[in-house]
Amino acid sequence: MPMKAMAKPATSTSGDPILPTTSNGDEIHTVTGNDPTTDPTDTTTSSTTNESTTGEPDNSTYSAVSFPGGLDRVIVNAGLGKGAPIGTGKAHANLETVQTNLTGALAQAEAALEIFREQNSGHLVLISSVSANRGLPKAQAAYSASKAGVTALGQGLAAEFAGTPIAITVIEPGYIETDINRGVKTRLMATTDAGVAAMVAAIEAEKAHAAVPRWPWEPLAAAMRYLPEPVSRRMV
């Protein structure tokens, strides 16, 4: 699926330039306030997860993009929450979830690290999920598997680039008020502001791994990983 990136960067609260990407130009307008259809100084550039004739992701459009002064950080936040119990005739939903969450993340990591390797610096952030720590049942099975793949990808890259100017961060959010969690009823839901603040703090600190918000998700993530199977199964 083609992504669009703003040529005129927005800025973060700290004043750093941001180049948002999205599969929908309306989303860019919502996030930045710039409308690429009416602002003559704001153009869009098609890039990435195009498929080649072999069916594999083609990053060539990424490497063609010029970043004057270099590229400091890429945050890979592709996410899709649709899914169905496996074997119930809805394979398309599970395959789309895995393709977006894992294959899409890998394609963006390939493109980002090509630039980072060339400039010998950069910070790659992979947004995974607390569900990566334990396979979830029913409609969440493909989702948790895809996010486990994202976490494993980040861990492998962190080992490869340890001690170099290239930093790798894996963020595992718990329940945060976002579109993907709309309608979920749980006492563990963090507000959007609290969730975003926790994610920004972990990213700026360039942590190798963080479950956010730290409370209660750091201990819960550890419990999901290490508790005996009969106990952890009751948690999900």
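Placed above this text is the structure.
Scoring rules and cut-offs
- Residues numbered from 1 in each chain as written.
- Predicted model: local features only at pLDDT ≥ 70, side-chain atom pairs only at ≥ 80, totals over all residues.
- Heavy atoms only, no water.
- Helix = DSSP H or I, 4+ residues; strand = E, 2+ residues; numbered from the N terminus.
- Buried < 20%, exposed > 50% of the residue type's maximum accessible area, 1.4 Å probe, protein only.
- Areas by Shrake-Rupley, 256 points an atom, 1.4 Å probe, with all protein chains shown as cover.
- Axes fitted to C-alpha atoms, helices over the stretch in contact; angles between N-to-C directions.
- Parallel < 35°, antiparallel > 145°, perpendicular 65-115°, else oblique.
- Left-handed = near helix turned anticlockwise from the far one by under 90°.
- Contact = heavy atoms within 4.5 Å.
- Nonpolar A, V, L, I, M, F, W, Y, C, P; charged D, E, K, R; others polar.
- Pairing = 2+ DSSP bridges.
- Right-handed = clockwise from strand over helix to strand, strands pointing away.
- Patch = residues over 30% accessible without salt bridge, like charges linked within 9 Å, V, L, I, M, F, W, Y side chains within 5 Å.
- Salt bridge = Lys/Arg side-chain N within 4 Å of Asp/Glu carboxyl O.
- Core = buried A, V, L, I, M, F, W, Y, C linked by side-chain atoms within 4.5 Å.

A. The arrangement of the overall build of the chain in detail. A tally of regular secondary structure across the chain gives 7 helices and 11 strands. The buried share of the chain, taken over its 236 residues, is 37%. In the structure as shown, the chain presents an accessible area of about 13300 Å², 55% of it carried by carbon and sulfur atoms.

B. Main features of the packing of helix H3 (residues 91-119) against helix H4 (residues 141-161). It is the contact of H3 with H4, at a shortest axis distance of 8 Å, that shows an interaxial angle of 15°. One element, H3, and the other, H4, form an angle in the roughly parallel class. Every pair of crossing elements has a handedness; the one defined by H3 and H4 is right-handed. Touching Asn94, Thr97, Val98, Asn101, Leu102, Ala105, Leu106, Leu113 and Arg117 of H3 are Ala142, Tyr143, Ser146, Lys147, Gly149, Val150, Leu153, Leu157, Glu160 and Phe161, all from H4. When grouped by side-chain class, the residues that make up the contact of H3 with H4 number 11 nonpolar, 5 polar and 3 charged.

C. A look at the pairing of strand S11 (residues 209-212). Sheet topology places strand S10 (residues 166-173) next to S11; 4 bridges connect them, and they run parallel. Each residue of the ladder has a partner; that of Glu172, found in S11, is Ala211. The parallel pair S10 and S11, bridged by helix H5 (residues 192-204), forms a crossover whose chirality is left-handed.

D. Representation of a nonpolar patch on the surface. Judged by side-chain polarity, Tyr175, Val184 and Leu188 come together as a nonpolar surface patch covering roughly 220 Å² of accessible area. Assignment of secondary structure puts Tyr175 in the loop between S10 and H5.

E. Structural view of the nonpolar core. Counting 16 residues, the largest nonpolar core has Val74, Leu113, Phe116, Leu124 and Ile168 as its most contacted members. At the level of secondary structure, the elements contributing two or more residues to this core comprise strand S8 (73-76), H3, strand S9 (122-127), H4 and S10. Looking at which element gives the most residues to this core, the answer is H3, with 6 residues. Setting aside its immediate chain neighbours within four residues, Leu113 contacts Leu124, Leu157, Phe161, Ile166 and Ile168. Core analysis: the next-biggest nonpolar cluster, separate from the first, contains 10 residues, Ile171, Ile176, Ile203 and Val212 among them.

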